[in-house]
Amino acid sequence: MTALYLPPFVRLGGGALNDLPDALRLAGLKTPFLITDQFMASSGLLDRVSTLLHEAGIELRAFTDAVPDPTITSVNAALTALREGRHDCVIGLGGGSPIDTAKMVAVLAVHDTTPASLRAPFMQDEPGLAIVAIPTTAGTGSEATRVTVITDETTDEKMLCMGAAYQPRIAIVDYELTLSMPQRLTADTGTDALTHALEAYVSRRASPFTDALALTAMARIWKYLPAACTDPGNHEARAAVMQGAFEAGMAFSNASVALVHGMSRPIGAHFHVAHGLSNAMLLPEITAWSLPGAKQRYATCARVMGLAGEDDPDSVAGAILVDALRKRNAEIGVPSPRTFGLNAARWDNLLPLMAEQALASGSPANNPRIPDADDIIE
Ligand code: NAD
């Protein structure tokens with residue numbers, strides 16, 4: 001038996017945002033509270049959503065101070081603002097950060113608990129308020145996942161929190177909202193999505209259902225991400241990467257992520273490297289290290305991404321995949337942790353703690369080749 005977690009109400013494609021009032025109506029939701037960040041508030045997108053809802057007879061209250069890599073402090077500030085009204089759902093509008101803030105706020109609004117006590121392996125399945133996700137980046141797939149990632153700023157720990165309660169009820173997946181993303185953000189978030197697809201496919205918890213989503217996602221993202229980066233107004237490329245990110249989110253939420261994400265979270269938390277960028281830095285080398293654990297699966301990835309042929313032996317196809325990931329990183333300007341300019345002494349000091357935090361998240365145990373702390377440090 002496979003338990004599947006998917007958003008029940010989805011609007012996918014250009015202009016999907018206009019369907020928000022109808023999706024709320026079908027889901028029986030009437031009094032939303034919206035969480036977003038300053039950029040979205042100043043870009044006019046928040047006004048557009050407010051107007052859409054106003055015309056449907058819904059008055060919106062909003063919190064506009066969500067921060068990148070959401071912290072417990074910012075979650076608590078949003079929760080306080082939500083409690084000043086009466087709401088049946090929380091809308092997250094923006095990248096993964098406002099959406100993840102909305103997810104945690106939706107749970108804390110109903111359950112008397114703290115983010116720290118909700119960290120994995122705890123599973124928060126008892127529902128909170130309904131969650132509505134409107135992504136404006138094509139990367140995290142948070143609109144599709146039963147996951148939220150909250151940083152405890154007192155310990156610099158990015159806490160993975162999981163459970164059915166974080167599963168959005170409505171996902172509005174409108175690629176037009178990503179047209180404003182600059183090149184660096186497009187590349188980093190797109191590589192985050194590619195990593196979700198690859199990790200879901202090689203995960204020890206993959207299933208035939210997640211395989212289908214992961215393979216179609218990696219093919220789509222690999223093909224279209226370069227055009228989305230170099231030609232930001234390319235609707236075909238933006239639509240494909242957005243759809244791929246959504247598919248990859250459904251895939252990893254029902255399989256898992258693995259070693260890249262396990263190691264990427266501590267780098268993001270301690271050194272404030274954007275999530276997609278820290279994934280991108282690690283992806284080629286961790287793929288190379290993991291190859292012996294899933295030769296056939298990595299070879300299949302190389303084939304569906306159009307890198308290797310059916311006649312290439314699996315070991316050759318796997319090596320081709322690693323080379324292509326390294327080359328892609330060079331093309332889109334992804335530095336290594338060393339060349340990124342991280343404080344080298346601090347990095348060396350923190351390695352044992354980062355390895356411990358990576359292992360504690362549980363993600364490395366889903367990797368096809370399972371590391372110990374020494375492997376992670378190396
Ligand atoms: P983000 O939400 O942190 O946004 C980064 C920056 O991009 C912000 O300044 C934001 O204002 C800006 N931005 C967003 N959309 C834009 C647009 N259309 N045009 C121009 N600028 C835009 O970035 P993200 O990568 O989407 O999210 C990262 C967070 O998501 C991390 O905390 C990560 O851990 C988390 N995450 C969550 C999941 C999940 O399943 N819940 C999965 C992966 C990552």
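Keep in mind that what you see is a predicted model, and the values were worked out from it rather than measured. All residue numbers refer to position in the chain's written sequence, counted from 1. Totals for whole chains, interfaces and linings use every residue, but because this is a predicted model, local features are given only for residues with pLDDT of at least 70 and side-chain atom pairs only at 80 or more, for both listing and counting.

Caption draft 1: Just the nonpolar core, in detail. Among buried residues, those of type Ala, Val, Leu, Ile, Met, Phe, Trp, Tyr and Cys that are joined through C-beta atoms within 7 Å form a set called a nonpolar core. Field definition: a residue is buried when 20 or more other C-beta atoms are found within 10 Å of its C-beta, exposed when 12 or fewer are, and partly exposed for counts in between, with C-beta atoms placed from the backbone. Ranked by internal contacts, the top residues of the largest apolar core, which has 112 residues, are Val90, Val105, Ala197 and Met218. Start and end points for every domain follow an automatic or database-based domain assignment. A domain split of this core shows at least three residues from each of domain 1 (9-178) and domain 2 (183-377).

Caption draft 2: Here's a closer look at the packing of helix 10 (residues 275-290) against helix 12 (residues 314-331). Fitted lines through C-alpha atoms serve as axes, helices being fitted only where they are in contact, and the angles separating the N-to-C directions of these axes extend from 0 to 180 degrees. A helix here means a DSSP run of H or I that spans at least four residues, while a strand means a run of E at least two residues long, and both kinds are numbered starting from the N terminus. Look at helix 10 against helix 12: their axes get within 9 Å of each other, and the N-to-C directions meet at 165°. Between helix 10 and helix 12, the crossing angle belongs to the class labelled roughly antiparallel. The chirality of how helix 10 crosses helix 12 is left-handed. Every residue of helix 12 that contacts helix 10 at Ala280, Leu283, Pro284, Thr287 and Ala288 is listed here: Leu321, Val322, Leu325, Arg326 and Asn329. The classification used treats Ala, Val, Leu, Ile, Met, Phe, Trp, Tyr, Cys and Pro as nonpolar, Asp, Glu, Lys and Arg as charged, and all other residues, Gly among them, as polar. Taken together, the residues of the contact of helix 10 with helix 12 break down into seven nonpolar, two polar and one charged. In this scheme, roughly parallel covers angles under 35 degrees and roughly antiparallel covers those over 145, while 65 to 115 is roughly perpendicular and the rest are oblique. What makes a crossing left-handed is the near helix being turned counterclockwise from the far one by less than a right angle; a clockwise turn instead makes it right-handed. C-beta atoms are placed from the backbone for every residue, and two residues are taken to be in contact when these atoms lie within 7 Å.

Caption draft 3: Molecular detail of the site of the ligand. Among the 28 residues in the neighbourhood of the ligand, the closest are listed as Phe39, Gly95, Gly96, Ser97 and Thr140. Where the shell around the ligand is concerned, the elements lending two or more residues are helix 5 (96-108), strand 6 (147-152), helix 6 (183-202) and helix 10. By residue class, the composition of the shell around the ligand is seven nonpolar, 17 polar and four charged. Each of domain 1 (9-178) and domain 2 (183-377) accounts for three or more of the residues forming the shell around the ligand. Any residue whose C-beta atom, as placed from the backbone, lies within 6 Å of a molecule or strand is termed near it.

Caption draft 4: Representation of unusual backbone geometry. With omega at 15°, the peptide bond leading from alanine 120 into proline 121 counts as cis. By the element assignment, proline 121 lies in the loop between helix 5 and strand 5 (130-135). Non-glycine residue aspartate 156 carries a positive phi angle of around 55°. Relative to the elements of secondary structure, aspartate 156 occurs in the loop between strand 6 and strand 7 (157-162). Of note, the phi angle at histidine 272 is positive, near 55°, even though the residue is not glycine.

Caption draft 5: Up close: the environment of tyrosine 5. Tracing the sequence through the fold places tyrosine 5 in the segment before strand 1 (9-12). In this structure tyrosine 5 comes out as partly exposed when scored by C-beta crowding, with 17 C-beta atoms within 10 Å. Taking the C-alpha atoms as reference points, tyrosine 5 and proline 168, 163 residues apart in sequence, are found 9.6 Å from one another. Setting aside residues no more than four positions away along its own chain, tyrosine 5 makes contact with Arg146, Ala164, Gln167, Ser253 and Asn254.

Caption draft 6: Region of interest: the domain arrangement of the protein. For the protein, the assigned domains read domain 1 (9-178) and domain 2 (183-377). The centre of domain 1, based on its C-alpha atoms, is set 25 Å off from the matching centre of domain 2. Facing 24 residues of domain 1, the contacting portion of domain 2 comprises 29 residues. Going through the elements one at a time, strand 6 and strand 7 are the ones with two or more residues in the side of domain 1 that touches domain 2. In terms of residue count, strand 7 provides more of the side of domain 1 that touches domain 2 than any other element does, three residues in total. Class assignment for the residues of the side of domain 1 that touches domain 2 results in nine nonpolar, nine polar and six charged.

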